[in-house]
Amino acid sequence: MATEQSNSRLTAVSLLAYLRILVYTLATLLALSLLVVGTIGLIAELKGSWHWQIHLESTISYIGLFVSRLLVVLVPLYAVLVVGRRVVPDA
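Residues numbered from 1 in each chain as written. Predicted model: local features only at pLDDT ≥ 70, side-chain atom pairs only at ≥ 80, totals over all residues. Heavy atoms only, no water.

This paragraph deals with the UniProt feature "transmembrane region" (unreviewed entry) in the protein chain. Summarizing the sequence annotation, UniProt attributes the feature "transmembrane region" (unreviewed entry) to residues 21-43 and 63-84 in the numbering used throughout. Secondary structure across residues 21-43 divides into 100% helix and 0% strand, with the first and last C-alpha atoms of the span separated by 33 Å. Overall, residues 63-84 shows 100% helix and 0% strand. The separation of its end C-alpha atoms is 30 Å. (UniProt positions renumbered as here; feature names shortened; annotations may be inferred. Helix = DSSP H or I, 4+ residues; strand = E, 2+ residues; numbered from the N terminus.)

Right under this line is the structure:
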């Protein structure tokens with residue numbers, strides 16, 4: 001009986017570890033996508049040409065769609081991670 005509890009606890013701890021890796025990876029993707037928008041925005045401001053403005057507008061629309069879908073996944077996973085860390089001891 002004691003081994004069943006320890007195995008389930010190890011499973012919960014390892015599951016939380018995988019969830020933490022997933023949340024950190026998605027947060028890194030979010031940061032990198034915002035860095036891309038900022039970089040293209042800076043280039044568009046420095047160049048000042050209509051060509052770079054078109055790049056900026058298209059990048060913002062695509063990255064905006066990507067970020068919105070990413071946040072739909074990231075926010076609930078982060079909430080599950082926070083609750084799981086409070087519920088599971090030694091996580």
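Now that the structure has been shown, we can carry on.
This brings us to the nonpolar core. In this structure, Leu16, Leu19, Val23, Leu26, Leu30, Ile63, Val67, Leu70, Leu74, Leu77, Leu81 and Val88 together form the largest nonpolar core, which totals twelve residues. Of all the secondary-structure elements, those providing two or more residues to this core are α1 (2-47) and α2 (50-87). For this core, the element with the highest residue contribution is α2, accounting for six residues. If near-sequence neighbours (up to four positions away) are discounted, Leu77 is found in contact with Leu19, Leu22, Val23 and Leu26. (Core = buried A, V, L, I, M, F, W, Y, C linked by side-chain atoms within 4.5 Å. Buried < 20%, exposed > 50% of the residue type's maximum accessible area, 1.4 Å probe, protein only. Contact = heavy atoms within 4.5 Å.)

Another aspect to go through is α2. In this model α2 runs 54 Å from its N-terminal to its C-terminal C-alpha over 38 residues, within 8% of the 56 Å that 1.5 Å per residue would give. The largest bend in α2 is about 25°, located at Leu71. What α2 keeps buried is the set Leu56, Thr59, Ile63, Val67, Leu70, Leu74, Leu77, Leu81 and Gly84. (Expected span 1.5 Å × (residues − 1). Bend = angle between axes of the 7 residues up to and from the residue.)

By secondary structure assignment, the location of Val80 is in helix α2. Along the sequence, Val80 and Leu19 sit 61 residues apart, while their C-alpha atoms lie 8.6 Å from each other.

Let's shift gears to the side chain of Ser33. The topology assignment puts Ser33 in helix α1. Filtering out sequence-adjacent residues up to four positions away, Ser33 remains in contact with Ile63, Phe66 and Val67.

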